[in-house]
Structures are given as C-alpha cells and as structure tokens.
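Understanding the architecture of this molecule
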Amino acid sequence: LAELSSGMGKFGDAKKHATTQFNFPYAQTCKWLLILYSILMPFMMVRWSDWASGAFIFTFVQLFFIWTLEAITIILENPFDTSDPNCIDVFQL
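Here goes a summary of the coordinates provided. Everything numeric here is computed off the predicted structure, so don't read it as measured data.

Brief notes about the side chain of S38
The residue S38 is located in helix α2 (residues 24–48) in this model. Separated by 2.8 Å, the side chains of S38 and W67 make a polar contact. Beyond its immediate stretch of four places on either side in the chain, S38 contacts L63 and W67.

Comments concerning the environment of C30
Secondary-structure assignment places C30 in helix α2. For the pair C30 and E70, spaced 40 residues apart in sequence, the C-alpha to C-alpha distance is 9.1 Å.

Description of α2
For α2, spanning 25 residues, the distance from its first C-alpha to its last is 35 Å, which sits close to the expected 36 Å at 1.5 Å a residue. The largest bend along α2 measures about 35° and falls at L40, with the proline P42 one to four residues further on. Listing the buried residues of α2 in full gives L34, S38, M41 and M45. Residues of α2 that are buried make contact with α3 (52–77).

Considering the pattern of salt bridges
For the structure shown, the criterion picks out one salt bridge. Across the salt bridge formed by E70 and K31, the nearest N and O atoms sit 3.1 Å from each other. Of the two residues, E70 is situated in helix α3 and K31 in helix α2; the sequence distance between them amounts to 39 residues.

What counts, and where the lines are drawn
- Residues numbered from 1 in each chain as written.
- Predicted model: local features only at pLDDT ≥ 70, side-chain atom pairs only at ≥ 80, totals over all residues.
- Heavy atoms only, no water.
- Helix = DSSP H or I, 4+ residues; strand = E, 2+ residues; numbered from the N terminus.
- Polar contact = N/O pair within 3.5 Å; in protein donor to acceptor, adjacent residues only side chain to side chain.
- Contact = heavy atoms within 4.5 Å.
- Expected span 1.5 Å × (residues − 1).
- Bend = angle between axes of the 7 residues up to and from the residue.
- Buried < 20%, exposed > 50% of the residue type's maximum accessible area, 1.4 Å probe, protein only.
- Salt bridge = Lys/Arg side-chain N within 4 Å of Asp/Glu carboxyl O.

Listed below in structure tokens is the structure:
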C-alpha cells in the first residue's frame, strides 16, 4: 500500500511538471542574451585571435553549440507534444 501511495505521489509530481509552463520573461531574457552574445562574439574573437580564419572558426563553433543547446531546451520544455516526432509518445507507452 505504501508503494502505491508513493507511486501516486510521483505521478502527481510528474503531471505537475508536465503541465506547468516555463517562466516567459526568463525565457525571453535568455533568448535576448543569446542574440546579444551572437552579435558581440565575433568582435571579441577578432580581438582575441591573431588570424581572421581562427576567429571565424572559434565563433562559429561556439555559437553553433550554444544555439543547438537552445533548440534542445525548446524541445525539452514540452516533452509530450504530439506534433514533434522527437517527443515522447504517451499513447505508445
């Protein structure tokens, strides 16, 4: 009986996390900081690097990974979305 009660508690926690939306102002602030970082990063790399090709490569790699992480967080924000093929199919479980 204790295991059933614990399981229902965990289910309630999972349901709460699945239905609670992420804080919109925080998400917008993160997005604008990424845009600002993307604008300023090439200038910082040109000052830091001795050659232009090195500055381009370092800038591209860093911005690529940071924007990829941003895209992953958008997918993970709503893991039960049925329109995205990368999300969890609840009906198949």
